[in-house]
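Secondary and tertiary structure notes
For reference, the chains in residue letters:
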Amino acid sequence: MKSNLLIFTLHLILLAGAATVLAQEKGTESETVPVDSSIAPADSSHQLFVYYFHGNRRCASCIKIEKYTKESLDSLFQKELSEGRILWQVVNTDLDSNQHFLEDYNLYTKSVVLVDMHNGKQARWKNLEKVWEYLNSKNSFSIYIRDEVNDFLKEE
């Protein structure tokens, strides 16, 4: 009887472990969300890329940062997104092809980075490190994204 209970318990532990591995692997599929090339920017000489950088393993907070950033952009910068003036991209830095971003933007954790492009060349960039501070207030988070994006758009 005790050996049956032990075997049953071991099976449960193995199943739980397998479920955890599968859940983590699900997050490895995203590479980079391609930019919609059908969107022709009003002024292709100036574009603002808003990147969300993550790795294969993603916690609830990391997923929330991506969600809040996308929702903020969609609600506050709909016109600029539709015109191609602002481009949203999600990038998995654990993929070999994307690891250069770690050095390019001095990344050490999941991050939102604004990259100002002028005539196809990077003019400046900023890591929005305070997204972690505003994670518990969607409103404050959205205001932070709004203000930082507006600052980049103003300095065209």
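Preceding this section is the structure that the text describes.
Now for a description of the structure that goes with this document. (Residues numbered from 1 in each chain as written. Predicted model: local features only at pLDDT ≥ 70, side-chain atom pairs only at ≥ 80, totals over all residues. Heavy atoms only, no water.)

1. As for helix α5 (residues 138-154)
Cut-off, in case you're wondering: Strands are runs of DSSP state E lasting at least 2 residues, helices are runs of H or I lasting at least 4, and numbering of each runs from the N terminus. Helices are assigned an expected span. That span is 1.5 Å times one less than the residue count. Using a 1.4 Å probe on the protein chains alone, a residue whose accessible area is under 20% of its type maximum counts as buried, one over 50% counts as exposed, and one in between counts as partly exposed. Throughout, the arc means that of the directions going from the helix axis to the C-beta atoms. We call two residues in contact whenever any of their non-hydrogen atoms come within 4.5 Å of each other.
Spanning 17 residues, α5 covers 24 Å between terminal C-alpha atoms, matching the ideal 24 Å at 1.5 Å per step. Within α5 the residues assigned to the buried category are Phe141, Ser142, Tyr144, Ile145, Glu148, Val149, Phe152 and Leu153. Down the axis of α5, the smallest arc covering the buried residues is 160 degrees, so these residues share one side. The exposed residues of α5 that point more than 90 degrees off its buried face are Asn139 and Lys154. The elements touched by buried residues of α5 are β1 (46-54), α2 (60-76), α3 (78-83), β2 (86-92), β3 (111-118) and β4 (121-127).

2. As for unusual backbone geometry
You will see that Asn106, though not glycine, has its phi angle at about 50 degrees, which is positive. Tracing the backbone through its elements, the reader meets Asn106 in the loop between α4 (100-104) and β3. Overall, the relative accessible area of 54% leaves Asn106 in the exposed class. With a phi close to 50 degrees, Asn119 is a non-glycine residue in the positive phi region. Counting through the fold element by element, Asn119 comes out in the loop between β3 and β4.

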